[in-house]
Amino acid sequence: MLEVIDDYTILLLDAQGNIKNWNKEAEKIIGYQADEIIGRNFSIFYFEDNRMAKFPELLIEEARRKGRAQHEGWRVRKNGELYWAFVTISAIYDAGNVVVGFSNFVRDLTAKRQLEKTTEEYARELEIKNKELEQFVYIASHDLQEPLLTVKNFVELFKDEYKDVFDDNAKLYLQFIDRSTERMRNLLKGLLDYARLGGQQAKALVDCNALMDSLQNDLYSSISTAGALIHYQNLPIVYGFETALRQLFQNLLSNALKFKRPEVVPQIYISVAGRDNFWHFEFRDNGIGIDERYKEKVFIMFQRLHNVTDYEGYGIGLSHCKKIVELHGGNIEVESIVDEGSTFKFSIKV
Amino acid sequence: MKKYKDLDCVLLVDDDISTNFIHRRIVQNAQIDVAIKEITSAKEALDYLTNSGDDEEPAPGPTAGIVFLDINMPGMNGWDFIAEYKKLDERHKARIVVVMLTTSLNPDDAQHASSFSEIATYLQKPLNLEAFANIADQYFQVLKE
């Protein structure tokens, strides 16, 4: 009966918890030789403060009452080292149903425990770092807005109160200041929005057909201005953050409308395939396309491919898309041919 | 007005119009006889350099003597420009001094810039009068005080 499996050992205790047998595995885990431990109470494995709190007795008592008691915690080896033990104490009865002793099943889970601890610590560190980063972005975007707002306010005052004495040069300077503060305000807002993406919301079932229908409504004027044709059918219902998904779809759609080729009717095809536990979406357009070497760069915050004078923007949309897709366990990438069009491919976990 | 040998043009390469505007002012205030050309993308700057130095085609403007180059530009950035500039025919690069300008506070950028022989020096934005005068003095010969 007293066979050893891996880091398990089964010991027999008498009705008071004194050790009645000892084996090789017990020796390996706990460190004592048979002759120095048999007859001693099993409470010797416990910390002194555990013993003072009568913890071993309570376990025995529980096993006596319920037939079984389990506990997981640190124990002390003979050499003073600690080991993490998972212990099951089961009552042994005689023919008259009287408890005559206990079997003490001990499993040494130190290695597993340490691994868990490392993982836990790693997760906690990551959580702290993420918090710091969020805090950092919040400070950057919020606190930097304030002096910026001051600049903006005083420029307004300048314009109101001194407009009669300004020459053309002065007006030009104010225009530069105005444009720059407005641009910075938008960049900071983009940063703050990025940090907040998917933050407070709960996941829900999102019908992508309904989402696209309502987006078409919202974007009606830019769609009709561009004369764009948007094709989609049978889009799935996905489980995700609704506001974020809406933003993802909207950004991809607006980009396709914005980066259209002149004199070419914009055609946007949205298709989906489900495989390997993911929805694989494709947004295909016939726009200006993206040069091969900028395929990665477009997803980085504030990175732009065009001058503001050619295409307005802040380099924010696709970085948001990337974060949103990653929030949904997926990836986003783009395939493109310059002057033919781009296909944005992203996946969302089912 | 001071005049330097081979310093006929200063090329300002920055996607931000207001930065080019400020830099034009600074170059103008330096009392140096030089043309100023503002260009808002690295691609156009390369085109300008290759065309203006080509003997077979009529030069659109004077050959650049100093190029002030922004790092952070949309699409082709300052580093991409340098990579392309490297490949240019020597005659397009002759007597050209490339100065990298940046708002970056990252010391890695300065380090990176110093690894290119094509980059004469690396300066924090905005350009100032003294820095500009120093570069002219350092790389060009005075013809007329």
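Cut-off values and rules
- Residues numbered from 1 in each chain as written.
- Chains lettered and ligands numbered in written order.
- Predicted model: local features only at pLDDT ≥ 70, side-chain atom pairs only at ≥ 80, totals over all residues.
- Heavy atoms only, no water.
- Helix = DSSP H or I, 4+ residues; strand = E, 2+ residues; numbered from the N terminus.
- Rg over C-alpha atoms; globule rule 2.2 N^0.38 Å.
- Buried < 20%, exposed > 50% of the residue type's maximum accessible area, 1.4 Å probe, protein only.
- Contact = heavy atoms within 4.5 Å.
- Areas by Shrake-Rupley, 256 points an atom, 1.4 Å probe, with all protein chains shown as cover.
- Lys, Arg positive; Asp, Glu negative; His and termini not counted.
- Charge placed at Lys NZ, Arg CZ, Asp CG, Glu CD.
- Axes fitted to C-alpha atoms, helices over the stretch in contact; angles between N-to-C directions.
- Parallel < 35°, antiparallel > 145°, perpendicular 65-115°, else oblique.
- Polar contact = N/O pair within 3.5 Å; in protein donor to acceptor, adjacent residues only side chain to side chain.
- Phe/Tyr/Trp six-rings, centres within 6.5 Å; stacked < 30°, edge-to-face > 60°.
- Lys NZ or Arg CZ within 6 Å of the ring centre and 35° of its normal.
- Domains from an automatic or database assignment.
- Salt bridge = Lys/Arg side-chain N within 4 Å of Asp/Glu carboxyl O.

> Any details on the overall build of chain B? Residues and values, ideally.
The helix and strand inventory of chain B stands at six helices and seven strands. Sequence-ordered secondary structure for chain B, helices as α and strands as β, is β-β-α-β-α-β-α-α-β-α-β-α-β. Taking 145 residues into account, the globule formula puts the C-alpha radius of gyration at 15 Å, and chain B, at 14 Å, falls close to it. In terms of overall dimensions, chain B has a C-alpha envelope of 40 × 35 × 25 Å along the principal axes. Taking all 145 residues of chain B together, the buried fraction comes to 51%. Of the contacts formed within chain B by residues at least 6 apart in sequence, a portion of 70% connects residues at least 24 apart. Accessible area for chain B stands at about 7100 Å²; split by element, carbon and sulfur atoms hold 47% of it. In chain B, 14 side chains carry a positive charge and 24 a negative one; their mean positions are 4 Å apart.

> Outline unusual backbone geometry, listing residues and values.
Following Lys-125 of chain B, the chain continues to Pro-126 of chain B via a peptide bond in cis, the omega torsion being -5 degrees. Along the polypeptide, Pro-126 of chain B turns up in the loop between strand E6 (119-124) and helix H6 (129-139). Despite not being glycine, Asp-339 of chain A shows a phi value in the positive range, around 70 degrees. Turning to its location among the elements, Asp-339 of chain A is positioned in the loop between strand E10 (332-337) and strand E11 (341-349). The exposure class of Asp-339 of chain A is partly exposed, given its relative accessible area of 47%.

> Describe the packing of helix H5 (residues 110-143) of chain A against helix H6 (residues 145-162) of chain A, naming the residues involved and giving the relevant values.
Residue and element names in this part refer to chain A. Look at H5 against H6: their axes get within 5 Å of each other, and the N-to-C directions meet at 10 degrees. On the basis of the axis angle, H5 is roughly parallel to H6. Contacts between H5 and H6 pair Ser-141, His-142 and Asp-143 from the former with Gln-145, Glu-146 and Pro-147 from the latter.

> How would you summarise the side chain of Asn-286 of chain A if you had to cite specific residues and measurements?
All names here are of chain A. Mapped onto the secondary structure, Asn-286 falls in the loop between strand E9 (278-285) and helix H11 (317-327). The buried category is assigned to Asn-286, whose relative accessible area is 16%. A polar contact is formed between the side chain of Asn-286 and the backbone nitrogen of Gln-267, at a distance of 2.9 Å. Setting aside its immediate chain neighbours within four residues, Asn-286 contacts Arg-261, Val-264, Val-265, Pro-266, Gln-267, Glu-340 and Gly-341.

> So what about the packing of aromatic side chains? Which residues, and what values?
Residue and element names in this part refer to chain A. Summed over the entire model, instances satisfying the criterion amount to 20 aromatic pairs over all chains. A centroid spacing of 6.1 Å and a plane angle of 35 degrees characterise the contact between Trp-22 and Phe-45, whose relative ring orientation is tilted. Linking Trp-22 in the loop between strand E1 (8-14) and helix H1 (24-30) with Phe-45 in the loop between helix H2 (34-37) and helix H3 (48-52), this pair joins segments that are 23 residues apart in sequence. Trp-22 gets classed as buried once you look at its relative accessible area, which sits at 11%. For Phe-45, a relative accessible area of 3% gives the class buried. An aromatic cluster is built from Phe-249, Phe-281, Phe-283 and Phe-346, whose rings are joined through pairwise contacts. Over the face of the ring belonging to Tyr-269 we find Arg-284, whose NZ or CZ atom lies 4.6 Å from the ring centre.

> Residue-level account of the domain arrangement of chain A, with values.
Under the domain assignment, chain A is made up of domain 1 (8-108), domain 2 (111-196) and domain 3 (204-349). Computed over C-alpha atoms only, the centres of domain 1 of chain A and domain 2 of chain A are separated by 61 Å.

> Tell me about the pattern of salt bridges, and name the residues and values.
Residue and element names in this part refer to chain B. Taken as a whole and judged by the stated rule, the model has 30 salt bridges over all chains. Asp-6 is the salt-bridge partner of Arg-95, the closest N and O atoms lying 3.4 Å from each other. Note that Arg-95 is positioned in the loop between helix H4 (90-93) and strand E5 (97-102) and Asp-6 in the loop between strand E1 (3-4) and strand E2 (9-13), a separation of 89 residues in sequence. With relative accessibility at 53%, the residue Arg-95 sits in the exposed group. Among the residues examined, Asp-6 registers a relative accessible area of 29% and is labelled partly exposed. The salt bridge involving Lys-87 is made with Glu-84; its shortest N-O contact spans 3.2 Å.

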